[in-house]
Amino acid sequence: MFICLLCTFIVMKSCHEFLQHILPELGYRWAGFRKVRRQVCRRIHNRMQELDISNYLDYLYYIEENSAERETLDRMLDITITRFWRDKGVYAILEQTVFPDLIESARQENRTNIRCWSAGCCNGEEAYSIQLLWQHRLSPEKLELEIIANDLNPTVLERARAGCYPEGALKDLPDELLEKGFERKDSTYVIKERYKHNIHFLEQDIRTEMPGGPFDIILCRNFILTYFDRTVSEPLLSKMLSLMQKGGYFITGSTESIPPSFGDLKQIKKGEPVYKLIVNQ
Ligand SMILES: C[S@@+](CC[C@H](N)C(=O)[O-])C[C@H]1O[C@@H](n2cnc3c(N)ncnc32)[C@H](O)[C@@H]1O
């Protein structure tokens with residue numbers, strides 16, 4: 001990828017401008033990073049200090065000359081903001097509509113499991129939220145839930161496997177699930193061992209690797225549609241849909257929407273980011 005240094009010479013004065021220039025070059029969307037730019041700029045600033053580089057144009061030259069720096073920069077763009085039970089409206093639809101529909105279909109097809117993929121799972125908050133919902137509010141007989149949760153960041157995956165969380169991460173989780181699911185140890189909450197059953201945390205960069213399907217539910221929230229440019233996110237979305245069961249559900253973040261070209265995904269309730277894969281034959 002060629003970085004047009006001359007075009008940027010006049011304007012590259014702030015981190016803001018640096019990001020507006022570099023993000024599309026790396027396949028990211030500036031709009032997705034607007035709210036979190038301070039965090040990202042702090043990381044970039046520290047990195048430039050480490051390299052003894054004092055301005056953004058010199059840093060661009062450095063990236064141009066050192067291909068490994070692209071990967072370092074890519075890691076600095078990793079946003080890991082999340083929490084348990086994020087968007088309670090989504091969990092209400094999962095409980096009242098999505099899971100009952102999938103359980104009914106699985107029974108009719110004599111299947112013994114339902115498969116769910118939490119993409120960009122971060123510290124595991126989403127995967128454990130789904131597990132608690134399944135075990136305490138649904139728990140149908142003779143049917144298992146398997147959860148595949150992947151992320152490219154090994155640090156968050158280590159936290160996910162350990163299952164220890166600060167109180168702030170759990171503030172939206174219903175009290176009854178907090179009481180049942182966790183043990184308190186000093187200032188942290190530790191998920192009980194039984195809730196780790198059938199959750200598989202995988203280290204994968206979704207741009208090059210995806211877990212094996214088919215999936216009944218894919219949760220891809222506050223991730224590819226927010227941070228990746230269309231040239232990256234749309235092919236990924238197509239690939240993800242090819243890993244879904246017909247009649248399966250795709251869930252996005254509440255501020256994200258499915259591009260109109262993905263007409264097979266029908267929103268099931270106005271205003272809620274829950275889509276069903278309808279394939280006409
Ligand atoms: C903002 S968090 C969203 C977490 C959760 N899905 C939610 O909605 O709360 C985005 C997550 O995606 C992960 N991620 C970013 N790029 C990725 C990639 N290329 N492949 C896999 N995971 C990635 C990040 O490490 C981070 O944990």
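Predicted model only: the values in this text are computed from it and were never measured.

Rules used in this analysis
The written sequence of each chain sets the order in which its residues are numbered from 1. Only residues with pLDDT of at least 70 get local features here, since the model is predicted, and only at 80 or more are side-chain atom pairs given and counted; chain-wide, interface and lining totals rely on the full set of residues. Each side-chain value is derived from all of the structure's non-hydrogen atoms; neither hydrogens nor water enter the calculation. Only strands that DSSP links by at least two bridges are regarded as paired with each other. Here a strand is any run of E in DSSP of at least two residues, a helix any run of H or I of at least four, and the numbering for each starts at the N terminus. Axis angles are defined between N-to-C directions and span 0 to 180 degrees, where every axis is a line fitted to C-alpha atoms and, for a helix, only to the segment in contact. Only heavy atoms matter for contacts: two residues are in contact if any of them lie within 4.5 Å across the pair. Residues are grouped as follows: Ala, Val, Leu, Ile, Met, Phe, Trp, Tyr, Cys and Pro are nonpolar; Asp, Glu, Lys and Arg are charged; all remaining types, including Gly, are polar. Accessible area is worked out with a 1.4 Å probe on protein chains only. A residue is then buried under 20% of its type maximum, exposed over 50%, and partly exposed in between. For a crossover, the right-handed case is the one in which the path from the first strand over the helix to the second runs clockwise, viewed with the strands pointing away from the viewer.

### A word on the sheet that holds strand β5 (residues 188-191)
- Across the sheet, 3 strands lie side by side as β3-β5-β4; this open sheet has antiparallel pairing. Of all strands in the sheet, those with a lone pairing partner are β3 (164-166) and β4 (182-185), marking the two edges. Pairs of neighbouring strands in the sheet enclose a mean axial angle of 35°, with direction left out of account.
- Of the pairings in the sheet, the one linking β3 to β5 comprises 3 bridges and is antiparallel in character. Across the sheet, the residue bridging to Pro166 is Thr188, located in β5.

### Some thoughts on the packing of helix α4 (residues 37-50) against helix α6 (residues 67-76)
- As a packed pair, α4 and α6 sit with axes 9 Å apart at the nearest point and diverge in direction by 145°. Only Glu69, Thr72, Leu73, Arg75 and Met76 of α6 make contact with α4, whose side of the interface consists of Val40, Arg43, Ile44 and Arg47.
- Residues of the contact of α4 with α6, tallied by class, amount to 4 nonpolar, 1 polar and 4 charged.

### Considerations on the environment of Pro214
- Relative to the elements of secondary structure, Pro214 occurs in the loop between β6 (199-203) and β7 (215-219).
- Put simply, Pro214 and Met240 are 26 residues apart on the chain and 9.6 Å apart in space, counted from C-alpha to C-alpha.
- Dropping the residues within four chain positions of it, Pro214 is found in contact with Arg115, Leu243, Met244 and Gln245.

### Remarks on the pairing of strand β2 (residues 144-151)
- Of all 8 residues in β2, 7 are buried; the element is thus mostly enclosed.
- Two strands pair when backbone bridges link them, and strand β1 (residues 113-119) and β2 are joined in this way by 7 bridges, in the parallel orientation. Bridge assignment links Asn113 to a residue of β2, and that residue is Glu144.
- With respect to chirality, the unit in which β1 leads through helix α8 (residues 125-138) into the neighbouring parallel β2 is right-handed.
- Bridge count for β2 against β6 is 5 bridges, and the pairing is parallel. Note on β6: the bridge partner recorded for Ile147 is Ile199.

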